[in-house]
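Here's the letter readout for the chains.
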Amino acid sequence: MNAIGTDIDYAAKLLKADRLVAFATETVYGLGANATSQNAVASIFAAKNRPYFDPLIVHIAQKSQLDGLVRQIPAEYELLIEHFWPGPLTLLFQKSDAVADLVTSGLNTVAIRMPGHTLARELIRKSGLPIAAPSANLFGRISPTTAQHVADQLAGRVDYILDGGPCAVGVESTIVRLAEGRLEILRHGGVTKEQLAHVYSGEIVSVTTSACEETGEGAVAPGMLTSHYAPQTRLEIVQPDQIATIVQQTQGRFGILSASALPNELPVPKWCHLEVLSEAGDLVEMASHFFAALRRLDESSLEVIYATSFPDVGLGRALNDRLTRAAAKR
């Protein structure tokens, strides 16, 4: 069993010794190590069973830390930094030599964000290091949103888990880059396209995983692999209006991950495990409950999980992205 605690000084000491520390952020729990140490970063990949071609995000506590990590700060990023840092927005920069090559999977760009969780920023400040940190789970599995979720998956693989309570946002950060005069969203997350549009006056487009594969780029940022965030139980995406038929016709133990409340007249059988993310249909509430609910379903010995799709606006885009990757063949 891993040590779970709130000793931030001890956690910082471990990071300075190139050890692994899981810690809370506002999005999900991260598995952190010194981003400037090749050996420390290698231990992240080993603990997660993560392939080396999938890059990591570097976390900082203050903007001045960018000076040693990136070659330049594009002028277009200044407003984004001002409005969304600290917070769930990751920016892609041209990397400096200070960043361990393993962090970027050999790419010349590095993904960086400043977490909104005060405990995470204090840990970074006390360690005096930029911290590379993907989600603190086994590769491809459901992201952790509590300290216990981390312990359940990474027992014996991490030196300390810094408990900051449940994650408020509940889905990973949005990742963007500048390309050909436009802002490209590489991964939808905690900052929505609509929020970005209020700040960035230029063109904003979403770039799919398949589009990167077609151009030969592959995974240019974390979370872009086809299969990811996945339960071990088979998951199928359905439309909300299909649930009534599923409930009436499905035999055997099954689960339903419903974005919002089901109709009152719909009788749910006792062999069905139902998880409703938001009775009121609120996307923020859906996001904050998503991974924890998916984890409970996955631990319920079900034959299949039926998950309803989300409205394709705001945080719904991030949730649909996670569902699509969780349901992908692997």
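Just above, that's the structure.
Residues numbered from 1 in each chain as written. Predicted model: local features only at pLDDT ≥ 70, side-chain atom pairs only at ≥ 80, totals over all residues. Heavy atoms only, no water.

What follows covers the packing of aromatic side chains. Going through the model one piece at a time under the given rule, you end up with 7 aromatic pairs. Arranged with centres 5.1 Å apart and planes meeting at 75°, the rings of Tyr77 and Phe93 form a pair that is edge-to-face. Residue Tyr77 is found in helix 3 (residues 75–84), and its partner Phe93 is found in strand 5 (residues 89–94); the two are separated by 16 residues along the sequence. Per residue, the accessibility class of Tyr77 equals that of Phe93, and both read buried. Aromatic ring contacts, followed pair by pair, group Tyr229, Phe290, Phe291 and Phe310 into a single cluster. The ring of Tyr229 carries the charged tip of Arg322 above its face, separated from the ring centre by 5.0 Å. (Phe/Tyr/Trp six-rings, centres within 6.5 Å; stacked < 30°, edge-to-face > 60°. Helix = DSSP H or I, 4+ residues; strand = E, 2+ residues; numbered from the N terminus. Buried < 20%, exposed > 50% of the residue type's maximum accessible area, 1.4 Å probe, protein only. Lys NZ or Arg CZ within 6 Å of the ring centre and 35° of its normal.)

Turning next to the environment of Ala35. Residue placement: Ala35 occurs in the loop between strand 3 (30–34) and helix 2 (38–48). Take Ala35: its relative accessible area is 1%, and that puts it in the buried class. C-alpha separation for the pair Ala35 and Ile57, spaced 22 residues apart in sequence, amounts to 9.2 Å. With near-sequence residues (within four places) excluded, Ala35 lies in contact with Val41, Val58, Ala98, Val99, Ala100, Val103, Pro130, Ile131 and Ala132. (Contact = heavy atoms within 4.5 Å.)

Our focus in this paragraph is the packing of helix 9 (residues 283–298) against helix 10 (residues 315–327). Running from N to C, helix 9 and helix 10 cross one another at 25°; their axes reach a closest spacing of 9 Å. What the angle tells us is that helix 9 and helix 10 run roughly parallel. Helix 9 and helix 10 meet at a crossing whose hand is left-handed. Mapping the contact onto sequence places Leu283, Val284, Met286, Ala287, Phe290 and Phe291 in helix 9 and Leu315, Gly316, Leu319, Arg322 and Leu323 in helix 10. The residue inventory of the contact of helix 9 with helix 10, partitioned by class, reads 9 nonpolar, 1 polar and 1 charged. (Axes fitted to C-alpha atoms, helices over the stretch in contact; angles between N-to-C directions. Parallel < 35°, antiparallel > 145°, perpendicular 65-115°, else oblique. Left-handed = near helix turned anticlockwise from the far one by under 90°. Nonpolar A, V, L, I, M, F, W, Y, C, P; charged D, E, K, R; others polar.)

Tracing the backbone through its elements, the reader meets Thr145 in the loop between strand 7 (131–132) and helix 5 (147–154). Setting aside chain neighbours within four positions, we find Thr145 in contact with Thr27, Val28, Tyr29, Gly165, Pro166, Cys167, Gly170, Phe291 and Ala292.

The subject of this paragraph is the packing of helix 1 (residues 8–16) against helix 4 (residues 118–127). At a minimum axis distance of 8 Å, the contact between helix 1 and helix 4 shows a crossing angle of 50°. As far as their axial angle goes, helix 4 and helix 1 are oblique. Remark: the crossing between helix 1 and helix 4 carries right-handed chirality. Across from Ile8, Asp9, Ala11, Ala12, Leu15 and Lys16 in helix 1, the residues of helix 4 making contact are Leu119, Glu122, Leu123, Lys126 and Ser127. Residues that form the contact of helix 1 with helix 4 fall into these classes: 6 nonpolar, 1 polar and 4 charged.

All right, on to helix 4 then. One turn of the α-helix equals 3.6 residues, which is why residues spaced by three or four share an orientation. Those residues of helix 4 not exposed but buried are Leu119, Ala120, Arg121, Leu123, Ile124 and Ser127. The elements touched by buried residues of helix 4 are helix 1, strand 2 (21–23), strand 4 (57–59), strand 7 and strand 8 (160–162). Looking one or two residues past helix 4, Gly128 carries a phi angle of roughly 70°, positive in sign.

Let us now look at the pattern of salt bridges. Across all of its chains, the model carries 17 salt bridges by this definition. Across the pair Arg322 and Asp321 runs a salt bridge whose closest N-O atoms are separated by 2.8 Å. Across the pair, Asp321 and Arg322 agree in class, each one buried. The structure contains a network of salt bridges with shared partners spanning Asp9, Glu122, Arg125 and Lys126. (Salt bridge = Lys/Arg side-chain N within 4 Å of Asp/Glu carboxyl O.)

Counting residues in hydrophobic clusters, the biggest one holds 61 residues, and the most contacted among them are Leu80, Trp85, Val103, Ile112 and Leu196. Considering each element in turn, this core owes the most residues, 5 residues, to helix 2. Counting 23 residues, the second-largest nonpolar core is a separate cluster that includes Val171, Leu283, Phe290 and Leu315. (Core = buried A, V, L, I, M, F, W, Y, C linked by side-chain atoms within 4.5 Å.)

Treat this as a map of the structure, not an account of what it does.
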